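Here's the letter readout for the chains.
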Amino acid sequence: MGSTAVVVGGGIGGLATAIGLRRIGWDVTVVERTSELADAGAGISLAANGVRALDELGVGQVVRDASRGQYTGGTRTPKGGWLTRMDGAVLEKAVGTPILGIPRSTLHRLLCEALPAAALLIGSEAGAVRQVGPSTVRVDCGDTVLDADLVVAADGIGSKVRSFLFPAHPGPVHSGSTVLRAITEQAVELRTDFELTWGRGAEFGHIAFRDKRAEWHAVLNLPAGTRFADPLTELRRRFRDWHDPIPMLLHAARPAAVLHHDVAEIRTPLPSYTTGRIALLGDAAHAMTPNLGQGACQALEDAITLTAALAAEPTVEAALARYDHERRPRSQAVARAARQAGRMGQQLSHPLAVALRNTTMRLTPSGAAARMILRHHSWVPPQLH
């Protein structure tokens, strides 16, 4: 009888892990409580490290075919001046791929299609997860009980499994920001593939997609729980004097399409990503702010690293020890860098501090800026044998 695993959570990290485990001969069941993603109306940028992980999982090309390369754009001021310019061709030459822009729902669908329907237990919520023997972990799913050699908890930032494994850990905390975002109803004319605009305590950005629609996002410094009676009208008011194409993008979305989420993160690092034969992965292990665009990429790194360790090591325990050793330092370092990027970027609000940052960015040589990006993008996945 082959090895068995239960993956709790059917998001990007969970599905990628299931694909990887099946490629090395494991029997996998993915348990997902919802039938529709809460952030299906959002977009995602995939950097080279995430794309390489998808390649190793055998789904890189289908994702490329559904994506748009991010070749042009950069960071701007509200009046439209450029702080930095992005040259996607230079980045592609350095790491083999440009950053890819894709609707999150499309990426999720492509990952689902790489798995047999029988492997997906949709609309079933995982309850208690406990190790019931030296080599058996049990997951309660309502009237169904699943026993497996391994459980991978990819159940997101509010992970119940993490809370069970580390009850003293404070869990996620509010970053100080909230994000509103939507995908335009129809195609829009954009001069760039990707932009960020930084004001005082506010950010607006867009990602262009292959079908010429775009996702826009607005990030604001606000207390957790702040909500607007009419979010789209509020954003049009706040950003009415910002440069084109920001007003146009805000008028190209339906009010009902706007998503609003507080930005939370795991600020206190976990002491381990594993306990017994249970592994934490993705946001459940290291939820980070989106300022580096690395959240999904780090989950994909987790998936391929865990898979490779299970393929190479003689026991599950040895594989999980290797996974924790390889992933915890890097992912926690990326989370710290993302937090710092937010504090020096979107969250910065004092006029003098904003002016100093803008001057520094304008004077930073393009080569130095590229090296900062490559520090995160240049990761190479282990090969599956």
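Structure first, text after, so check above.
All figures in this text were calculated on a predicted structure; none of them were measured in a lab.

1. A word on helix α11 (residues 316-344)
Logical step 1: In this model, α11 (29 residues) spans 41 Å end to end at C-alpha, consistent with the 42 Å of a helix rising 1.5 Å per residue.
Logical step 2: A bend of about 30° at Arg 327 is the largest found in α11, and the proline Pro 329 appears one to four places after it.

2. Describing the pairing of strand β10 (residues 136-141)
Logical step 1: With burial as the criterion, only one face of β10 is covered, namely that bearing Val 137, Val 139 and Cys 141; the residues Thr 136, Arg 138 and Asp 140 on the opposite face remain uncovered.
Logical step 2: Both strand β9 (residues 129-133) and β10 contribute to a ladder of four bridges, which runs antiparallel. Pairing of Gln 131 across the sheet is with Val 137, part of β10.
Logical step 3: Taking the residues between adjacent antiparallel strands as the criterion, β9 and β10 are bridged by two residues.
Logical step 4: Pairing geometry for β10 and strand β11 (residues 144-148), over five bridges, is antiparallel. When the bridges of β11 are listed, Val 137 appears paired with Ala 148.

3. What about the sheet that holds strand β3 (residues 43-46)?
Logical step 1: Taking strand neighbours across the sheet as the criterion, the three strands line up as β3-β7-β4 in an open arrangement whose pairing is antiparallel. On the outer flanks of this sheet lie β3 and β4 (68-70), each paired with one strand and no other. Looking at each pair of strands side by side, their axes are set apart by 35° on average, direction ignored.
Logical step 2: Pairing geometry for β4 and strand β7 (residues 99-103), over three bridges, is antiparallel. Bridge pairing links Arg 68 to Gly 101 in β7.
Logical step 3: Across the sheet, helix α5 (residues 104-113) is in contact with β3 and β7; its angle to β7 comes to roughly 90°.

4. What to know about the packing of helix α1 (residues 12-23) against α5
Logical step 1: Axis separation between α1 and α5 bottoms out at 9 Å; the angle between their running directions is 25°. By the criterion of interaxial angle, the relationship of α1 to α5 is roughly parallel. At the point where α1 passes α5, the crossing takes the left-handed sense. Every residue of α5 that contacts α1 at Ile 12, Leu 15 and Ile 19 is listed here: Arg 104, Leu 107, His 108, Leu 111 and Cys 112.
Logical step 2: Class assignment for the residues of the contact of α1 with α5 results in six nonpolar, one polar and one charged.

5. Thoughts on the pairing of strand β12 (residues 150-153)
Logical step 1: By the alternation rule, side chains of β12 split into Leu 150 and Val 152 and Val 151 and Ala 153, which are all buried.
Logical step 2: Bridge count for β12 against strand β19 (residues 278-280) is three bridges, and the pairing is parallel. What sits directly across from Ala 153, in β19, is Leu 280.

6. A short note on the packing of aromatic side chains
Logical step 1: With the rule as written, the count across this model stands at three aromatic pairs.
Logical step 2: Here Phe 204 and Trp 216 contribute two aromatic rings whose centre-to-centre distance is 5.8 Å and whose plane-to-plane angle is 20°, an arrangement assigned as stacked. Here the residue Phe 204 occupies a position in strand β15 (residues 202-208), and Trp 216 occupies one in strand β16 (residues 214-221), the gap between them amounting to twelve residues. Residues Phe 204 and Trp 216 agree in their burial class; the two are buried.
Logical step 3: The structure contains a cluster of three or more aromatic residues connected by ring pairs, namely Phe 204, Trp 216, Phe 239 and Trp 242.
Logical step 4: The aromatic ring of Trp 82 is capped on one face by Arg 76, whose charged end is 4.5 Å from the ring centroid.

Quick notes on the rules
- Throughout this document, residue positions are counted from 1 along each chain, in the order its sequence is written.
- Only residues with pLDDT of at least 70 are given local features in this predicted model, and only at 80 or more are side-chain atom pairs given and counted; all residues enter the totals for whole chains, interfaces and linings.
- Each side-chain value is derived from all of the structure's non-hydrogen atoms; neither hydrogens nor water enter the calculation.
- Note on conventions: DSSP H or I runs of at least 4 residues are helices, E runs of at least 2 residues are strands, and numbering of each starts at the N terminus.
- A helix is expected to span 1.5 Å multiplied by its residue count minus one.
- To obtain the bend at a residue, axes are fitted to the seven residues ending there and to the seven starting there, and the angle between these axes is taken.
- Relative accessible area decides the class of each residue, using a 1.4 Å probe on protein chains only: under 20% of the type maximum gives buried, over 50% gives exposed, and in between gives partly exposed.
- Here a strand pair is declared whenever DSSP counts at least two bridges between the two strands.
- Note on definitions: angles span 0 to 180 degrees between N-to-C directions of axes, and those axes are lines fitted to C-alpha atoms, for helices only across the stretch in contact.
- Note on contacts: a residue pair is in contact if any heavy atoms of the two residues lie within 4.5 Å.
- Any angle between 65 and 115 degrees counts as roughly perpendicular, while under 35 counts as roughly parallel, over 145 as roughly antiparallel, and the rest as oblique.
- Crossing chirality is assigned from the near helix's rotation relative to the far helix, an anticlockwise turn below a right angle marking it left-handed and a clockwise turn marking it right-handed.
- Nonpolar residues are Ala, Val, Leu, Ile, Met, Phe, Trp, Tyr, Cys and Pro. Charged residues are Asp, Glu, Lys and Arg, and all others, Gly as well, are polar.
- Two rings from Phe, Tyr or Trp (for Trp, the six-membered ring) form a pair when their centres are within 6.5 Å of each other. A pair whose planes differ by under 30 degrees is stacked, one over 60 is edge-to-face, and the rest are tilted.
- Here, a charge over a ring means that NZ of Lys or CZ of Arg falls within 6 Å of the ring centre while also lying within 35 degrees of the ring normal.

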